[in-house]
Amino acid sequence: MTGRLEGKVAFISGAARGQGRSHAVRMAEEGADIIAVDVCGPVTGETAVAPATSADLAETVDLVKATNRRIVAAEVDVRDFDALSAAVRNGVEQLGRLDVIVANAGIGNGGETLDKTSEADWQDMMDVNLSGVWKTVKAGVPYMLSGGSGGSIILTSSVGGAKAYPNIGHYVAAKHGVIGLMKSFAVELGQHSIRVNSVLPTNVNTPLFMNEGTIKVFRPDLENPGPDDMKVVAEMMHVLPIGWVEPEDVSNAVLFLASDESRYITGVALPVDGGSLLK
């Protein structure tokens, strides 16, 4: 099946690499033009992994263009509503419309119990992973409403949005909040034929997960652990015999929720988790 998003335009945050890049390319393969934003730099307090770069976003642009689709990209911090609004406005002016919003940008920081989490780490987490999702949707919705053709909004939550994990309580709180945002937006926008859903990925093979710091968290018993060492422990999180999913697995779920195949699905938190939420 091809052309599932033919003639549509999708606005994606956190598009420089990882899941965001995968979503952009997958949607372009199915006919969508893309408005892509990413901060392309460090977020204060984010220490677990090196940030995305301008070169990363440029690579996303090239990959989308290779599918013969158009893309308008900008370096934007999702905490900056005015910059987000300008990016969407510029994209719609060039591409003509807006049909899909994928609020994907997120960070991981900290690693302490909640009582030891710093105020800076807490605030950065909330500002990016919760408020940034709200601002991304807020920036795009007016164009969906003025277009009068409905639309689909997909918010990236996490299995941490449906259950708790130790030492990342601020992340868990933010991702639970994303599901609350999704349900509220779904109720408010349904009358305009705008559907709003969430995806809840488990571990994903991206730089945010596959990095030295995370590997050591999974295997503190080893001096120099690698991905294979982490996989042994990560498999215990799932019902299926996997340690993580690939970005494309999440993109396929996002594509389904963006397409007319899910035209009557709204307010749903869809796990892409190998059965993690069953444990």
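Residues numbered from 1 in each chain as written. Predicted model: local features only at pLDDT ≥ 70, side-chain atom pairs only at ≥ 80, totals over all residues. Heavy atoms only, no water.

Per an unreviewed UniProt entry, the chain carries the name Putative carveol dehydrogenase and comes from Gordonia rhizosphera NBRC 16068. Word for word, the UniProt comment on the chain under Sequence similarities (unreviewed entry) is "Belongs to the short-chain dehydrogenases/reductases (SDR) family." (UniProt positions renumbered as here; feature names shortened; annotations may be inferred.)

Engineer: Lay out the layout of surface pockets with the relevant residues and their values.
Structural biologist: Estimated volume of the second largest pocket: approximately 160 Å³. Residue composition of the lining of the second largest pocket, by class: two nonpolar, five polar and six charged. (1 Å grid on protein atoms, 1.4 Å probe; cavity = no way out; pocket = protein on both sides within 12 Å on 5 of 7 lines; lining within 4 Å. Points joined across faces, edges and corners; volume = space filled by probe spheres on them. Nonpolar A, V, L, I, M, F, W, Y, C, P; charged D, E, K, R; others polar.)

Engineer: Explain the pairing of strand S4 (residues 100-103) to me, and be specific about the residues and the numbers.
Structural biologist: On S4, burial covers both faces: Val100 and Val102 on one face and Ile101 and Ala103 on the other are all buried. Pairing of strand S1 (residues 9-13) with S4 involves three bridges; the strand directions are parallel. Directly across from isoleucine 12, in S4, lies its bridge partner valine 102. Here S4 pairs with strand S5 (residues 151-156) via four bridges, running parallel. Looking across to S5, one finds that valine 100 is bridged to serine 152. The parallel pair S4 and S5, bridged by helix H4 (residues 119-147), forms a crossover whose chirality is right-handed. (Buried < 20%, exposed > 50% of the residue type's maximum accessible area, 1.4 Å probe, protein only. Helix = DSSP H or I, 4+ residues; strand = E, 2+ residues; numbered from the N terminus. Pairing = 2+ DSSP bridges. Right-handed = clockwise from strand over helix to strand, strands pointing away.)

Engineer: So what about the side chain of asparagine 109? Which residues, and what values?
Structural biologist: Structurally, asparagine 109 can be placed in the loop between S4 and H4. With a relative accessible area of 6%, asparagine 109 lands in the buried category.

Engineer: Tell me about the sheet that holds strand S3 (residues 71-75), residues and numbers included.
Structural biologist: Strand order in the open sheet made by the seven strands is S3-S2-S1-S4-S5-S6-S7, with parallel pairing throughout. Only two strands of the sheet have a single partner each, and these edge strands are S3 and strand S7 (269-272). Averaged over all pairs of adjacent strands, the angle between strand axes in this sheet comes to 15 degrees, irrespective of strand direction. Both strand S2 (residues 33-38) and S3 contribute to a ladder of five bridges, which runs parallel. (Axes fitted to C-alpha atoms, helices over the stretch in contact; angles between N-to-C directions.)

Engineer: Which residues make up the pairing of S1, and what are the values?
Structural biologist: On any regular strand, side chains alternate: one points to one face of the sheet, the next to the other face. A large share of S1 lies buried, amounting to five of its five residues. Inspection of the sheet shows S1 paired to S2 by five bridges, in the parallel sense. Bridge assignment links isoleucine 12 to a residue of S2, and that residue is alanine 36. In this region the chain leaves S1, passes through helix H1 (residues 18-29) and returns to the parallel neighbour S2; the handedness of that crossover is right-handed.

Engineer: Now, about helix H3 (residues 81-95): what can you tell me, with residues and values included?
Structural biologist: Its 15 residues give H3 an end-to-end C-alpha distance of 21 Å, which sits within 8% of 21 Å, the value for a rise of 1.5 Å per residue. Contacts from the buried residues of H3 go to S1, S2, S3 and H4. Put simply, aspartate 80 is the residue that caps the front of H3, since its side-chain oxygen is 3.3 Å from the backbone nitrogen of aspartate 82. After H3 finishes, the residue glycine 96 shows a positive phi value of roughly 100 degrees. (Expected span 1.5 Å × (residues − 1). Contact = heavy atoms within 4.5 Å. Polar contact = N/O pair within 3.5 Å; in protein donor to acceptor, adjacent residues only side chain to side chain.)

Engineer: Before we move on, can you summarise the packing of H1 against helix H2 (residues 54-65) with the specific residues and values?
Structural biologist: Two elements in contact, H1 and H2, have axes separated by 9 Å at closest approach and are oriented at 15 degrees. The angle between the axes of H1 and H2 places the two elements in the roughly parallel class. Classified by chirality, the crossing of H2 by H1 is right-handed. Here Arg21, Ala24, Val25 and Ala28 of H1 lie close against H2, whose contacting residues are Asp56, Glu59, Thr60, Leu63 and Val64. (Parallel < 35°, antiparallel > 145°, perpendicular 65-115°, else oblique. Left-handed = near helix turned anticlockwise from the far one by under 90°.)

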